[in-house]
Amino acid sequence: MYEPPDQRASGTGALQVRKLCAADHARWDAFVENCPQATFFHRAGWSTVLREAFGHETHFLYAEVDGAIQGVLPLARIRSRLFGDSLSSLPFCVYGGVAAVTDGAAAALDARAQELARRLNVDYLEYRQREPRHPDWPTKSELYFTFRRLLDPDVDANMNAIPRKQRRMVRKGIKAGLVSEVEHDIDRFYPIYAANVRRMGTPVFGPNYFRKLLDVFGHDCDVLTVTHEGEAIASVVSFWFRNEVLPYYGAGTPRAREVAGYDFLYWELMRRACEAGYRVFDFGRSKRDTGSFSFKKNWGFEPQPLYYEYDLVRAREMPDVNPLNPKYRYFIAAWQRLPLPVANWLGPKISRSLG
């Protein structure tokens, strides 16, 4: 396994690039907390999650001067017979790439990542960013979009900011007597989620992944579940970072659609975030012209392009591993017909390589 050289220099003030170790987690996260470019997905805990939940090789790099971190770049490698060999920042995450407070740190981390990709001889190096870094690299800026909006400090103002038609759906859920509960386990979330993704025709993540998220990120990761007459009908795993809340893995039962369970779920998360003093609601990533893309627009959120850039090492073109790719339509149709126990057993073996 490639280890970045120590790069110790005689004298002070020399920029050094190092690889994250367990002793560095606290100061890495302290930097991420205060770096404007950093996101929840830059946190050191993702190194633990990706290694322990999936067995992936991680290369979390940081640049420092005189012991002060000036930039970070979380990277992980996924080697798959089905989907190729990649080095990404960051798999299973919607954001990533270099987060730095100086141009020198950013340039050093970027150069080290490109060198590492070639030493490992991967198919490609991928950055997942909200802003472009390499306009000359192939990019998917027209495929993925994020939806972020400021929250008003007043709960009623946030309700009134939802377009009328969607607001009517939220009120429908309220009138149906739906109730939301915050949880710190996946006992009710996971069965809903697993059945939901099978209906969509995609492989499910194993329960260990979600348990690891809750364990590693502690109070910054929780589950909000909506019940109707005592039955859990919708649930979402969310991340909390600085003044933002990110609903990340959401799912519902067929019953949820009948009583506006999805609408109530996200409104309750928004309401709770507002009351707790959070000021940004990050509705997450969606592909253009999909149902989730339209759903978020109907809430009054404006799509913002994401810049997924690729440094092609061995590959000749960008990867296209997503359900919209026509070549996967037969796989999706077949997966939807699998018995749920079979899908839940086989799914984690495939999903760990999807990234």
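Residues numbered from 1 in each chain as written. Predicted model: local features only at pLDDT ≥ 70, side-chain atom pairs only at ≥ 80, totals over all residues. Heavy atoms only, no water.

Summed over the entire model, instances satisfying the criterion amount to 47 aromatic pairs. Seen in terms of ring centroids, Trp-28 and Tyr-62 are 6.3 Å apart; in terms of plane orientation they differ by 85°. Their pairing is edge-to-face. Here Trp-28, found in helix H1 (residues 25–34), pairs with Tyr-62, found in strand E2 (residues 57–65); they are 34 residues apart in sequence, far enough to count as distant. Both residues of the pair, Trp-28 and Tyr-62, count as buried. With 6.2 Å between their ring centres and 90° between their planes, Phe-40 and Trp-46 make a pair best called edge-to-face. (Phe/Tyr/Trp six-rings, centres within 6.5 Å; stacked < 30°, edge-to-face > 60°. Helix = DSSP H or I, 4+ residues; strand = E, 2+ residues; numbered from the N terminus. Buried < 20%, exposed > 50% of the residue type's maximum accessible area, 1.4 Å probe, protein only.)

Another point: the nonpolar core. Counting 55 residues, the largest nonpolar core has Trp-46 and Phe-210 as the members making the most contacts within it. Among the elements that take part in this core, helix H6 (residues 189–200) stands out by supplying six residues, more than any other. The residues contacting Phe-210, other than those within four sequence positions of it, are Ile-186, Phe-189, Tyr-190, Tyr-193, Phe-205, Val-237 and Tyr-249. If you look at the next biggest cluster of nonpolar residues, it comprises 32 residues, including Phe-145, Leu-178, Ala-273 and Trp-299. (Core = buried A, V, L, I, M, F, W, Y, C linked by side-chain atoms within 4.5 Å. Contact = heavy atoms within 4.5 Å.)

Looking now at the sheet that holds strand E7 (residues 144–150). With respect to topology, seven strands assemble into an open sheet ordered E8-E9-E10-E11-E12-E7-E13, the strand pairing being mixed. Across the chains shown, the open sheet's two edge strands, defined by having one partner strand only, are strand E8 (179–183) and strand E13 (303–305). Across the sheet, the mean angle from the axis of one strand to that of its neighbour is 30°, orientation sign disregarded. H6 rests against strand E9 (221–228), strand E10 (231–241) and strand E11 (244–252) of the sheet, and its axis sits at about 70° to E11. (Pairing = 2+ DSSP bridges. Axes fitted to C-alpha atoms, helices over the stretch in contact; angles between N-to-C directions.)

So, on to H1. All of the buried residues along H1 are Trp-28, Phe-31 and Val-32. The buried side chains of H1 occupy one side of the element, clustering within an arc of 100° when seen end-on. Exposed positions of H1 whose direction lies more than 90 degrees from the buried face are Ala-26 and Asn-34. Tucked into the core, H1 has its buried residues touching E2, strand E3 (68–80), strand E5 (99–100) and E10. (Arc of directions from axis to C-beta.)

Two measures define how a pair of helices packs: the angle their axes make with one another and the distance between the axes. Two elements in contact, helix H2 (residues 45–54) and helix H7 (residues 207–217), have axes separated by 10 Å at closest approach and are oriented at 150°. Compared by their axis directions, H2 and H7 come out roughly antiparallel. The handedness of the crossing between H2 and H7 comes out as right-handed. Contacts between H2 and H7 pair Gly-45, Trp-46, Thr-48, Val-49, Glu-52, Ala-53 and Phe-54 from the former with Asn-208, Tyr-209, Lys-212, Leu-213, Val-216 and Phe-217 from the latter. (Parallel < 35°, antiparallel > 145°, perpendicular 65-115°, else oblique. Left-handed = near helix turned anticlockwise from the far one by under 90°.)

With that settled, the discussion passes to the side chain of Ser-286. For Ser-286, the position within the fold is in strand E12 (residues 280–287). Judged by its relative accessible area of 3%, Ser-286 falls in the buried class. For Ser-286, the side chain forms a polar contact with the side chain of Ser-292, separated by 2.8 Å. Those residues in contact with Ser-286 that lie beyond four places of it in its chain are Leu-143, Tyr-144, Phe-145, Phe-147, Ser-292, Phe-293 and Lys-296. (Polar contact = N/O pair within 3.5 Å; in protein donor to acceptor, adjacent residues only side chain to side chain.)

For the structure shown, the criterion picks out 21 salt bridges. The salt bridge partner of Arg-112 is Glu-115, with a shortest N-O separation of 3.5 Å. Highlighted residues: Arg-112 and Glu-115, both in helix H3 (residues 103–120), separated by three residues, approximately one helical turn. Residue class for Glu-115 comes out partly exposed when judged on its relative accessible area of 30%. With a closest N to O distance of 2.5 Å, Glu-258 and Arg-255 form a salt bridge. Here Glu-258 pairs with Arg-255, and both are found in helix H8 (residues 254–258), just three residues apart, close to one helical turn. Since its relative accessible area comes to 31%, Arg-255 is described here as partly exposed. Taken together, the salt bridges that share partners define one network made up of Arg-18, Asp-24, Arg-27 and Glu-64. (Salt bridge = Lys/Arg side-chain N within 4 Å of Asp/Glu carboxyl O.)

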